[in-house]
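Listed here are the chains, written in short residue letters.
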Amino acid sequence: MTLLALLFLLALLPAGSAKSRYPPKASISSPVFGPRQVHGVLGGSATVKCFYPPTAVNRHDRKYWCRESGSRCVTMVSTNYVAPSYQDRVSLTDHPEAENFQINISALGPEDSGSYQCGLGVNGRGLSYRVTLTVVEAPPVPEAPELFYVKLHSTWTVSCSFGPETADMKRYLCKKDEEGCRTIVNSYQEIDDAFKGRALLTFEEPLGSFSVTMTQMDWEDAGLYYCGTGEYGSGGKSKELDVFIYEDKNFPQLKTTVTGTKGSSATFECLYDPLKKSTTRIWCKWRIQGCDKIIDNTGYVKYSYEGRVAMFENPGNKTVTIVLNQLEAKDEGFYWCMSNELKEQQSSTELKVVDGEPGLTGKKEVEAPVGSRLDLTCSYPCKYYSYEKYWCKWNYTGCPVLPAQDQGLPGPGTTCNTSNKTVVLSFDPVTEEDAGWYWCGVKRNGLFGEVLAVQLRVAAGNDAKHSPELLDVGDSSPESGAVPPGGAYSDAEVRKGAAPESSDESHGSNTLALVLGPLAGLILIVVTAFAIVKYRQMKRSDLVSVGSYRTNISMSDFESIRDYSASNSACVKDSQETPMGPDEFITTTDTLESAADTTKAKRSSKEDADLAYSSFLVTSDSIAQGSSRGDSAVLDVSPKQDQV
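Residues numbered from 1 in each chain as written. Predicted model: local features only at pLDDT ≥ 70, side-chain atom pairs only at ≥ 80, totals over all residues. Heavy atoms only, no water.

### Observations regarding the overall build of the protein chain
And step 1. If you tally the helices and strands in the protein chain, you get seven helices and 34 strands.
And step 2. Here the protein chain holds 644 residues, and the buried ones make up 38% of them.
And step 3. For the protein chain, the exposed area adds up to about 36300 Å²; of that, 55% sits on carbon and sulfur atoms. (Helix = DSSP H or I, 4+ residues; strand = E, 2+ residues; numbered from the N terminus. Buried < 20%, exposed > 50% of the residue type's maximum accessible area, 1.4 Å probe, protein only. Areas by Shrake-Rupley, 256 points an atom, 1.4 Å probe, with all protein chains shown as cover.)

As structure tokens, this is what we get:
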């Protein structure tokens, strides 16, 4: 009863399910492959090509061509052997570099029709493929299908050409099945759901030619295909293609699906042969109408992806790594690795973007003025604690690694501390050439992991948005200055009392200040001393200006000086009086006693003022002479003694 129920459920399954259309892996009994059927004309020749896996053993193993006879298979030709009855008619040529050997049969007769096997090793031991040879009396003979020996998980490319008259017709690739020929892809941008992201049709030269590329070839993709124009089976031109899938255990197995977190990054791997230096490697996003190129190994990067994508070659394992960061939901889709020489090394990977928190965190946009100090920081979670961390500067051909400091390096007895897991990239000072994209990333065993992209903008000259700074003229240590927001410091903080400088003159002005500072101080001292001297000279000049009577004394000074003048004049034996009037100059000479009496008798109030003024000058100039250490000779206005 249970068995009947199971059979009933199986009967309800869709007849067109994917698995029912393709043979399973178990149906492939041998990795050797050849044509199912070969046709030849009577008296003519026929060529049979058989493929084998390119292992070291297979390349040196015996190859053979035998004819089935009951349960036996009689050898007609093999490596270094030809049956006597087939001498000069059959030859076998091995092409190990092309992974095949060829059998050529000439002078065909009706008796040559039958079933044959091409194989490796000993006859009938499993490494063989059955071929049916049919000899017809006259042409035409059916066109033989084109054979394709394709590695598992690799890429298959076929080119078809039907002449320029078919350029305006629909072009297609379909796969033969029990119901007819199922369309895989055509030039009307129609594609089977099972091949979305895997199949690509491209127009080629000459006119009327096109190619179809299919990636991620699996066991179920083996079988008969047709490429053609118009509609299959409706009189259009077509070509039969026989595809065989075999497993090469040395062929790298790449991921078919990559998952990335929104705002984070995704890493893709492509295959390439480092010995073929001329090979152009392209990474593009699949679309039904073609593949939109994003980056290649010649330095091309699509404008909208600048700073987001980079290509890294790894000759050691013959791969190219593509890193795409700043992921968004619109980035989901299929991405292709393409090559202009090695078609089988082309591959496709589906990208899925999911919501979540990126592992690497930090500021994604930073602006700093020229000449400042800047630290770009990148924090990582505990799961990356043992990974290799790096900073690099993005350019069109890659991302060269820069020296950086990991503040969370593991040490003896250390554990994952959430407060110091930071990788720092420092600039001291920032220059205009530092502007651009910087990546902080992690690696493990040489494989690229998550990446954080940071865009650095550098403001130059008057365009710089300076943050307020506090200058402490009493302390020249960097700690005493204020740190502008964003971690950028001005290197002027390490100089006492220095003000922010322009980017173009910062270093030159530092040296100039060191030279002009002491010189300016010296000049200031000299000017000050000169001013003091001139001031004193001008002051004395004002006091002794006889014609103008400019005196800086009051009338009370006259009264206080009068007694001193009388006593001083008593000691003078010979006096000379100079009246202050502008009209006369009278000199009198007499004895001391007569002079005193005469002076006392004739002295008027004006003369008393003159004498007091002269005495005041003597006193003040004596004091000035002592204080100025003999700056200048004091004008002697005291009466001179006449010589007896």
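### Points about the pattern of salt bridges
And step 1. This model, assessed by the stated rule, comprises 20 salt bridges.
And step 2. One salt bridge in this structure joins lysine 196 and aspartate 193, with 3.5 Å as the shortest N-O distance.
And step 3. On the basis of relative accessible area, lysine 196 is assigned to the partly exposed category, the value being 43%.
And step 4. A salt bridge links aspartate 292 to lysine 302, with the shortest nitrogen-to-oxygen separation between them at 2.5 Å. Residue aspartate 292 is found in strand S21 (residues 290–296), and its partner lysine 302 is found in the loop between S21 and strand S22 (309–314); the two are separated by 10 residues along the sequence.
And step 5. Judged by relative accessible area, aspartate 292 falls into the partly exposed class, the value being 22%.
And step 6. Connected via shared salt-bridge partners are Arg287, Asp292 and Lys302. (Salt bridge = Lys/Arg side-chain N within 4 Å of Asp/Glu carboxyl O.)

### Some thoughts on the sheet that holds strand S10 (residues 146–151)
And step 1. Pairing is mixed across the open sheet formed by five strands, whose spatial order is S10-S17-S16-S12-S13. The sheet terminates laterally at S10 and strand S13 (180–186), the two strands that pair on one side only. With direction set aside, neighbouring strand axes in the sheet form an average angle of 30 degrees.
And step 2. Relative to strand S17 (residues 238–246), strand S16 (residues 223–229) is paired through six bridges, and the arrangement is antiparallel. In the strand pairing of S17, glycine 228 is matched with serine 238. (Pairing = 2+ DSSP bridges. Axes fitted to C-alpha atoms, helices over the stretch in contact; angles between N-to-C directions.)

### A short note on the side chain of threonine 166
And step 1. Among the secondary structure elements, threonine 166 is positioned in the loop between strand S11 (156–161) and strand S12 (171–177).
And step 2. Relative accessible area serves as the criterion here: at 2%, threonine 166 is assigned to the buried category.

### Some points on the packing of aromatic side chains
And step 1. Taken as a whole and judged by the stated rule, the model has 23 aromatic pairs.
And step 2. Their ring planes at 45 degrees and their centres at 5.2 Å tell us that tyrosine 226 and tyrosine 232 sit as a pair that is tilted.
And step 3. Note that lysine 293 overlies the ring of tyrosine 300, its terminal NZ or CZ placed 4.6 Å from the centroid.
And step 4. When the ring centre of tyrosine 390 is taken as origin, the NZ or CZ atom of lysine 443, which lies over that ring, is 5.5 Å away. (Phe/Tyr/Trp six-rings, centres within 6.5 Å; stacked < 30°, edge-to-face > 60°. Lys NZ or Arg CZ within 6 Å of the ring centre and 35° of its normal.)

### Here's the deal with the nonpolar core
And step 1. Of all hydrophobic cores here, the largest spans 32 residues; its most connected members are Phe268, Trp283, Val309, Ile322, Leu324, Leu351 and Trp439.
And step 2. If near-sequence neighbours (up to four positions away) are discounted, phenylalanine 268 is found in contact with Val258, Trp283, Val320, Thr321, Ile322, Leu324, Tyr335, Thr349 and Leu351. (Core = buried A, V, L, I, M, F, W, Y, C linked by side-chain atoms within 4.5 Å. Contact = heavy atoms within 4.5 Å.)

### Here's the deal with the state of the cysteines
And step 1. For the structure on display, the rule yields eight disulfides.
And step 2. Here cysteine 284 engages in a disulfide with cysteine 291; their sulfurs sit 1.9 Å apart. Where cysteine 284 bonds to cysteine 291 through sulfur, the torsion about that S-S bond is close to 90 degrees, and the disulfide is right-handed.
And step 3. Looking at cysteine 284, the relative accessible area reads 1%, which means it is buried.
And step 4. Exposure remark for cysteine 291: the relative accessible area of 24% places this residue in the partly exposed category. (Disulfide = S-S within 2.5 Å.)

### Details of the environment of alanine 435
And step 1. In this fold, alanine 435 is placed in the loop between strand S31 (422–427) and strand S32 (436–444).
And step 2. On the accessibility criterion, alanine 435 (35% relative accessible area) is partly exposed.
And step 3. Residues alanine 435 and alanine 368, spaced 67 residues apart in sequence, show a C-alpha to C-alpha distance of 9.3 Å.
And step 4. The residues contacting alanine 435, other than those within four sequence positions of it, are Lys393, Leu456 and Val458.

### Description of the environment of aspartate 248
And step 1. With respect to the helices and strands, aspartate 248 occurs in the loop between S17 and strand S18 (257–261).
And step 2. Relative accessible area serves as the criterion here: at 14%, aspartate 248 is assigned to the buried category.
And step 3. For aspartate 248 and leucine 152, which are 96 residues apart along the polypeptide, the C-alpha to C-alpha distance reads 6.9 Å.
And step 4. Apart from residues no more than four positions distant in its own chain, aspartate 248 is found in contact with Pro54 and Lys151.
And step 5. A polar side-chain atom of aspartate 248 sits 3.4 Å from a polar atom in the side chain of lysine 151. (Polar contact = N/O pair within 3.5 Å; in protein donor to acceptor, adjacent residues only side chain to side chain.)

### Description of unusual backbone geometry
And step 1. The omega torsion of the bond from glutamate 205 to proline 206 falls at 0 degrees, within 30 degrees of zero and hence cis.
And step 2. Note the cis peptide between aspartate 428 and proline 429, where omega equals 0 degrees.
And step 3. Mapped onto the fold, proline 429 is located in the loop between S31 and S32.
And step 4. Even without being glycine, asparagine 445 reaches a positive phi, approximately 55 degrees.
And step 5. Following the sequence through the fold, asparagine 445 ends up in the loop between S32 and strand S33 (447–459).

### Remarks on the sheet that holds strand S20 (residues 281–287)
And step 1. Sheet architecture is open: five strands sit in the order S18-S25-S24-S20-S21, paired in mixed fashion. Every interior strand has two partners, whereas the edge strands, S18 and S21, have only one. If you compare each strand with its neighbour and ignore which way they point, the axes differ by 30 degrees on average.
And step 2. Across five bridges, the pairing between S18 and strand S25 (residues 347–354) is parallel. When the sheet's bridge partners are listed, threonine 261 is paired in S25 with valine 354.

### With respect to a nonpolar patch on the surface
And step 1. Taken together, the side chains of Leu519, Leu522, Ile523 and Val526 present a nonpolar region at the surface, about 370 Å² in accessible area.
And step 2. In this fold, valine 526 is placed in helix H4 (residues 506–543).
And step 3. Its relative accessible area of 51% is what places valine 526 among the exposed residues. (Patch = residues over 30% accessible without salt bridge, like charges linked within 9 Å, V, L, I, M, F, W, Y side chains within 5 Å.)

### Details of the pairing of strand S19 (residues 265–271)
Strand residues, when the strand is regular, have side chains that alternate between the two faces of the sheet.
And step 1. Counted residue by residue, S19 has five buried out of seven residues, so it is predominantly covered.
And step 2. Pairing geometry for S19 and strand S23 (residues 319–325), over seven bridges, is antiparallel. Along S23, the bridge assignment pairs alanine 266 with leucine 324.

Interpretation note: all reported values are geometric properties and have no functional meaning in isolation.
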